[in-house]
Amino acid sequence: MTHTARRIGRSLALVLPVVMVLSGTLAVTSVPWAASDNDSQLLAASSETVSKPAKPHAPQDVLREKLLVELQEKDPGAALTGLQRAVERRPSLARHCMSIAKALGKAAVEQYGPTRAHRFSRPVCDTSFASGVAQFS
């Protein structure tokens, strides 16, 4: 009986470290910081998943995205008119008008090229659209 217990003990002494090393390696490769192509990754059993609530978009960010889509679907003139009307409706957006107009200028250069984009310039937000076109040309 003692001989059998020793054989089992020796086998476990050889196999257990290998199993522990392999399981530790697998656990480390399945945590979020490991580079992996698939989106579903396993987490270690002791970790907790904490999800942050989605941050609400600021009105100026929503307006910027809306106007960039309008610029792509129609033309920069329509987007600039939309910007001017939005600022007239909500004066609180006036402080973001210049950055939005510059973003529209950049997008216009990317879509139409500098020469054609410059033709859409008008005095909305202190000619920031023209400044954006010039900056990104």
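Structure first, text after, so check above.
Residues numbered from 1 in each chain as written. Predicted model: local features only at pLDDT ≥ 70, side-chain atom pairs only at ≥ 80, totals over all residues. Heavy atoms only, no water.

## Remarks on the pattern of salt bridges
Okay, so step 1: The tally for this structure, following the rule as stated, stands at 1 salt bridge.
Okay, so step 2: The salt bridge involving aspartate 61 is made with arginine 64; its shortest N-O contact spans 3.1 Å. With aspartate 61 and arginine 64 both in helix 2 (residues 59-73) and 3 residues apart, the pair spans about one turn of that helix.
Okay, so step 3: Residue classification places aspartate 61 among the partly exposed residues on the basis of a relative accessible area of 32%. (Salt bridge = Lys/Arg side-chain N within 4 Å of Asp/Glu carboxyl O. Helix = DSSP H or I, 4+ residues; strand = E, 2+ residues; numbered from the N terminus. Buried < 20%, exposed > 50% of the residue type's maximum accessible area, 1.4 Å probe, protein only.)

## Examining helix 4 (residues 97-112)
Okay, so step 1: In this model helix 4 runs 22 Å from its N-terminal to its C-terminal C-alpha over 16 residues, within 8% of the 22 Å that 1.5 Å per residue would give.
Okay, so step 2: Along helix 4, the residues that are buried comprise Cys97, Ile100, Ala101, Leu104, Gly105, Ala107, Ala108, Val109 and Tyr112.
Okay, so step 3: Where helix 4 is buried, its residues meet helix 2, helix 3 (76-89), helix 5 (114-118) and helix 6 (128-135).
Okay, so step 4: Looking one or two places after helix 4, you find glycine 113, whose phi comes out positive at around 90°. (Expected span 1.5 Å × (residues − 1). Contact = heavy atoms within 4.5 Å.)

Remember, this is a structural readout, not a statement about activity or role.
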